[in-house]
Amino acid sequence: MNILIIGANGFTGRRILNDLVAREKYNISACSLHEDILPGKGYQFIRTDIRNASGMQSLFKEVCPDIVINTSALSVPDYCENHHNEAQSININAVEHLAHACEQYGSRLIHLSTDFVFDGRSEHLYTEEDEPNPINYYGITKYEGEQRVAEYCGNYAIVRVVVVYGKAFPGQHGNILQLVADKLRKGETIRVVSDQWRTPTFVGDISQAVERLMTHPKNGIYHICGNNCVTIAEMAYRVADILSLDRTLIHPVTTEEMQEATPRPRFSGLSIAKAKREINYQPHSLDEGIKEMFS
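From a predicted model like this one, the values you see are computed outputs, not experimental measurements.

**Some details on the overall build of the protein**
Secondary structure assignment for the protein yields 11 helices and 13 strands. In terms of C-alpha radius of gyration, the protein reaches 19 Å, essentially the compact-globule figure of 19 Å for 295 residues. Counting only C-alpha atoms, the protein reaches 55 × 40 × 40 Å along its principal axes. Relative to its full complement of 295 residues, the protein shows a buried share of 54%. Averaged over its 29 positive side-chain charges, the protein has a centre that lies 4 Å from the centre of its 37 negative ones.

**Things to note about unusual backbone geometry**
Unusually for a residue other than glycine, Ser244 sits at a positive phi of about 55 degrees. With respect to the secondary-structure elements, Ser244 resides in the loop between helix H8 (232–242) and strand S13 (250–253). Overall, Ser244 belongs to the exposed group, its relative accessible area being 66%. One non-glycine residue, Asn280, lies in the positive phi region at around 55 degrees. Secondary-structure assignment places Asn280 in the loop between helix H10 (273–279) and helix H11 (286–293).

**Focus: the packing of helix H2 (residues 53–63) against helix H4 (residues 84–105)**
H4 packs onto H2 with a crossing angle of 30 degrees between their chain directions and a minimal axis gap of 10 Å. As summarised for this structure, H2 and H4 are arranged roughly parallel, according to the angle between their axes. Pair H2 / H4 crosses with right-handed handedness. Across from Ala53, Met56, Gln57, Phe60 and Lys61 in H2, the residues of H4 making contact are His97, Leu98, Ala101, Cys102, Gln104 and Tyr105. Taken together, the residues of the contact of H2 with H4 break down into 7 nonpolar, 3 polar and 1 charged.

**Considering the UniProt feature "domain: RmlD-like substrate binding" (unreviewed entry) in the protein**
When the UniProt feature table is mapped to this numbering, "domain: RmlD-like substrate binding" (unreviewed entry) covers residues 1–294. Secondary structure content for residues 1–294 is 41% helix and 18% strand, and the end C-alpha separation is 33 Å.

**With respect to the sheet that holds strand S1 (residues 2–6)**
One open sheet accounts for 7 strands, arranged S3-S2-S1-S4-S5-S6-S11; its pairing is parallel. With one partner strand each, in any of the chains shown, strand S3 (43–47) and strand S11 (220–223) form the two edges of the open sheet. Strand after strand, the sheet turns through a mean of 20 degrees between neighbouring axes, direction not considered. Bridge count for S1 against strand S4 (residues 67–70) is 4 bridges, and the pairing is parallel. Within the sheet, the bridge partner assigned to Ile3 lies in S4 and is Ile67. Along the sheet, helix H1 (residues 11–23) makes contact with S1, strand S2 (27–32), S3, S4 and strand S5 (108–114), crossing S1 at roughly 160 degrees.

**Focus on helix H6 (residues 176–185)**
Within H6 the residues assigned to the buried category are Leu177, Gln178, Val180, Ala181 and Leu184. The buried residues of H6 occupy one face: seen down the axis, they fall within an arc of 160 degrees. Tucked inside the fold, the buried residues of H6 contact strand S7 (164–165), strand S8 (190–193), H8, S13 and H11. Two residues or fewer past H6, Gly187 is found with a positive phi of approximately 75 degrees.

**As for the nonpolar core**
Nonpolar side chains in soluble globular proteins generally cluster together in the buried interior. Ile3, Ile5, Leu20, Ile28, Ile69 and Ile224 are the most contacted members of the largest nonpolar core, which has 40 residues in total. A per-element tally of this core places helix H7 (residues 203–214) first, with 6 residues. Ignoring anything within four residues of it in the chain, the contact list for Ile224 reads Val159, Arg160, Val161, Val162, Thr201, Asp205, Ile206, Ala209, Ala275, Ile279 and Tyr281.

Reading the values: the criteria
Residues numbered from 1 in each chain as written. Predicted model: local features only at pLDDT ≥ 70, side-chain atom pairs only at ≥ 80, totals over all residues. Heavy atoms only, no water. Helix = DSSP H or I, 4+ residues; strand = E, 2+ residues; numbered from the N terminus. Rg over C-alpha atoms; globule rule 2.2 N^0.38 Å. Buried < 20%, exposed > 50% of the residue type's maximum accessible area, 1.4 Å probe, protein only. Lys, Arg positive; Asp, Glu negative; His and termini not counted. Charge placed at Lys NZ, Arg CZ, Asp CG, Glu CD. Axes fitted to C-alpha atoms, helices over the stretch in contact; angles between N-to-C directions. Parallel < 35°, antiparallel > 145°, perpendicular 65-115°, else oblique. Left-handed = near helix turned anticlockwise from the far one by under 90°. Contact = heavy atoms within 4.5 Å. Nonpolar A, V, L, I, M, F, W, Y, C, P; charged D, E, K, R; others polar. UniProt positions renumbered as here; feature names shortened; annotations may be inferred. Pairing = 2+ DSSP bridges. Arc of directions from axis to C-beta. Core = buried A, V, L, I, M, F, W, Y, C linked by side-chain atoms within 4.5 Å.

The following block contains the structure:
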């Protein structure tokens, strides 16, 4: 089976790449905009700009993928809010080109998306049947990307994830839990939002789910995240407690007090009932994920 991983220098993409290489049963190609941040054995790396349609055609012609895993995105909400054209080119236009290429080559597309497609006004965990209504430009572009996949690709799975955390590799940006740990270890205070709820996702669980979805016979959207719905402040407190760090350095603040430039959903917890039912998805608890992350 030929697998193409797009965004293989990124946090989630690299974890998926490493896990699939370790299985020693796939023919794997990986690509990213920049050179391989952590060269290794068991895969070929091809530097590619997915915004270039002709470049994507050349990539598909070379690899002839059975499975395409797209982890690439412009995913910083504040940046997207101020760089609409760039966000659209990566999160919408490139995804459309990718969907067309997958359809042309008969590839199954696994496309990663986000909880930020929702507006946060729900009083229950969002299911795959709930109607998206994004409140920032990042969410708008990711929802539009989902629609392009469903419209142009006949064999696909859309994977929505939430606040992905885990151990970063050299050359990668960290994540909110790593940031908390780093600051607390330095004895620095940190302000954390206390009235936004999420279902944080251990990166290894995404990798597990993606591998199962590669051969899953159904198309559709799958919520792949943790089973604990907590505030972002509670995530920080869990890190402090598990690592025996000073939790008094954590200062919980409201969304209004944080004065974030870009609106974010107050509640974007996702239900994983469908993933449990269809692919036997069993995620780490938040405490388990934190312990593994810092082990």
